Amino acid sequence: MGIFDKIKQIFKPKENNDISTPNKFDKKVTQEDVLNKETILQKDVINENLASKSVTSKEVQQEVQQEVQQEVQQEVQQEVQEEVQQEVQQEVQEEVQEEVQQEVQEEVQQEVQEEVQEEVQEEVQQEVQQEVQEEVQEENNIQKQKLDRTLDKTRDGFFGKMKLFFSGKNKVDDEFLDQLEEMLITSDVGVKTTVKIIDLVEKYVLKNKYLNQDELKDILKNQIINLLSINQGEQNTQISKPYVILFVGVNGVGKTTTIAKLANFFKNQGKSVLIGAADTFRAAAIDQLDKWANKIDVPIVKQKMGSDPAAVAYDTIQSAIASNMDYVIIDTAGRLHNKINLMSELEKIATAIGKLIPLAPHEVVLALDASTGQNALEQAKQFLKATKVTHLALTKLDGTAKGGVVISICDQLSIPIKYIGVGEQIDDVQLFDKMQFVESLFK
Ligand code: GDP
Ligand code: MG
């Protein structure tokens, strides 16, 4: 109850009491009374209030404290939680980011590296290929030029005559064919082969008697190419280590020189080569090969003059097997008292080699001197009757006008020409390429 309500109650007139007729016990209420009463009541209320208040304030305090504490705790907790969450989130984010970044970086790096590597590899490969190709091309060009120069005399002889012969002619008649025949024979193409060529040309121009000089030249060239393609035999491509080459041939044709050139040729290809000096007939022959071996720095197996050539060959193969050589080239004597002796000696050498390597010698190369023209062909025929030959080496094609013999050798013998000698220098040896040969001849 409020203070004023209480005052009102106090001063409220009693029921059925008329003011106008006051009770006799009633005091007259003065202004002062009212004021006093009010003061007392106020004091009470205040005291009461104070008492109640003092009780509640403690509780309130406690509650407030509690509330505040709770709130503060909650806030702090929340803050801490949030902070921790944020920190953890940030850390996790950073870690994940870092990891992802690292992974992505690594992947990208790897990819880029791989790509770059591939590109570089490809480029390097291409460059190396190009360089190798260029080198091969250059080497081919050098070889071609060399062959062209080698065949200068043969070409001049052959086509010098042909130019004269063809000038003003455009009709293929019997007279023309007779003259062509004579020209071929005198260019060392040989009678048999010349007859074949004339036959082919005749058949070809049967329908077309009028031809210009270039057309005639082309016909002749194509017929020669056809001829060279026949009876070329099998080129020995079998890979064996060591690969054994035995050189045979009469004295002076160029065996020893060709052996040195070939050894150098294989060495330049990065192959290991061992030379065997089985021409024990003359001391000079052993010396000559020894000098070459020293010059090109290739090992040699030799014995003193007069020792058994088959024993030297055997020693050479044994040594080549022991030192894991790629190639063995064996020189032999060309001059013996008679053909039977020569044959049996070569047979003995081949047998000795075969004892160590059953399929060897892999090549038996007969060396022929091209500058002797048709004599070389006859010599070859004689030789082939006496011994087994697998390949031919045609030496001294340079400086001779008798290169036409190559055509008749290819035509008449069933043994392929494998090597040609184009000069006296160490690198003057080439692998025979019949197309190149004809191209050069008809240049
Ligand atoms: P071998 O008796 O069969 O061993 O013959 P050589 O190897 O001793 O050679 C005899 C001669 O022919 C030497 O003077 C060589 O220089 C020379 N010779 C060998 N091959 C060629 C060649 O391709 N061209 C020229 N112009 N001379 C050669
Ligand atoms: Mg010799």
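Our structure's up above, just so we're on the same page.
The paragraphs below set out a description of the structure included in this document.

Criteria and cut-off values
Throughout this description, residue numbers start from 1 for each chain and increase along the sequence as written. The order in which chains are written sets their letters, starting at A; the order in which ligands are written sets their numbers, starting at 1. Local features in this predicted model are restricted to residues whose pLDDT is 70 or higher, and side-chain atom pairs enter the listing and the counts only when it is 80 or higher, whereas totals over whole chains, interfaces and linings include all residues. All axes are obtained by fitting lines to C-alpha atoms, using only the stretch in contact for helices, and the reported angles, taken between N-to-C directions, cover 0 to 180 degrees. To qualify as a helix, a DSSP run of H or I must reach at least 4 residues; to qualify as a strand, a run of E must reach at least 2; elements of each kind are numbered from the N terminus. Orientation is classified from the angle alone, with under 35 degrees giving roughly parallel, over 145 giving roughly antiparallel, 65 to 115 giving roughly perpendicular, and any other angle giving oblique. Here a crossing is called left-handed whenever its near helix is offset anticlockwise from the far helix by less than a right angle, and right-handed whenever the offset is clockwise. Any residue pair is listed as a contact if its two C-beta atoms, each placed from the backbone, are within 7 Å. Three classes are used: nonpolar for Ala, Val, Leu, Ile, Met, Phe, Trp, Tyr, Cys and Pro, charged for Asp, Glu, Lys and Arg, and polar for all others, with Gly counted as polar. Each residue is classified by how many other C-beta atoms fall within 10 Å of its C-beta atom, where C-beta atoms are placed from the backbone; a count of 20 or more means buried, 12 or fewer means exposed, and values in between mean partly exposed. In this context, the arc is that of the directions from the helix axis out to the C-beta atoms. In this analysis, strands are considered paired if DSSP registers two or more bridges between them. Residue proximity rests on one test: whether the C-beta atom, placed from the backbone, lies within 6 Å of the molecule or strand.

The subject of this paragraph is the packing of helix H5 (residues 191-205) against helix H6 (residues 213-229). Between H5 and H6, the shortest axis-to-axis distance is 10 Å and the interhelical angle comes to 125°. Compared by their axis directions, H5 and H6 come out oblique. Note on packing geometry: the crossing formed by H5 with H6 is right-handed. Each of Thr193, Lys196, Ile197, Leu200, Val201, Tyr204 and Val205 in H5 lies in contact with H6, whose residues at this interface are Ile219, Leu220, Gln223, Ile224 and Leu227.

Our next topic: the packing of H6 against helix H13 (residues 434-441). H13 packs onto H6 with a crossing angle of 155° between their chain directions and a minimal axis gap of 10 Å. In terms of axis orientation, H6 runs roughly antiparallel to H13. The handedness of the crossing between H6 and H13 is right-handed. Contacts between H6 and H13 involve Lys221, Ile224, Ile225 and Leu228 from the first element and Lys434, Met435 and Val438 from the second. Among the residues forming the contact of H6 with H13, the class breakdown is 5 nonpolar, no polar and 2 charged.

Attention now moves to H13. Residues spaced three or four apart along an α-helix point in a common direction, a consequence of the helix completing one turn every 3.6 residues. All of the buried residues along H13 are Phe437, Ser440 and Leu441. Buried residues of H13, seen end-on, are gathered within an arc of 100° and therefore sit on one face of the element.

A few words now on the sheet that holds strand E1 (residues 243-248). Strand pairing in a sheet takes place through backbone hydrogen bonds and is either antiparallel or parallel in direction. Taken in spatial order, the 8 strands make up an open sheet running E3-E2-E4-E1-E5-E6-E7-E8, and their pairing is mixed. With one partner strand each, in any of the chains shown, strand E3 (300-301) and strand E8 (429-431) form the two edges of the open sheet. Strand direction decides the pairing type here: strand E5 (residues 363-369) and strand E6 (residues 391-395), joined by 5 bridges, are parallel. Within E6, the position partnered with Leu368 by the bridge is Leu394. Most of the contacts of helix H8 (residues 283-296) go to strand E2 (residues 273-278), to which it runs at about 165°, and overall it touches E2, E3 and strand E4 (327-332). Lying over the sheet, helix H9 (residues 309-322) contacts E1, E2, E3 and E4, oriented at roughly 165° with respect to E2.

This brings us to the site of ligand 1. Around ligand 1, the structure places 19 residues, and the nearest of them are Gly254, Lys255, Thr256, Thr257 and Gly421. When residues of the shell around ligand 1 are assigned to their parent elements, the largest contribution, 3 residues, is made by helix H7 (residues 255-268). Its residues placed into classes, the shell around ligand 1 shows 3 nonpolar, 11 polar and 5 charged.

On to unusual backbone geometry, then. Glycine aside, residues mostly have negative phi, and peptide bonds are mostly found in the trans state. Residue Lys241 is joined to Pro242 through a cis peptide bond whose omega torsion reads -5°. One can find Pro242 in the loop between H6 and E1. The linkage connecting Ala360 with the following residue, Pro361, adopts the cis geometry, with an omega of 0°. Along the chain, Pro361 turns up in the loop between helix H10 (339-356) and E5. Located in the positive-phi region is Asp297, a residue other than glycine, with phi close to 60°.

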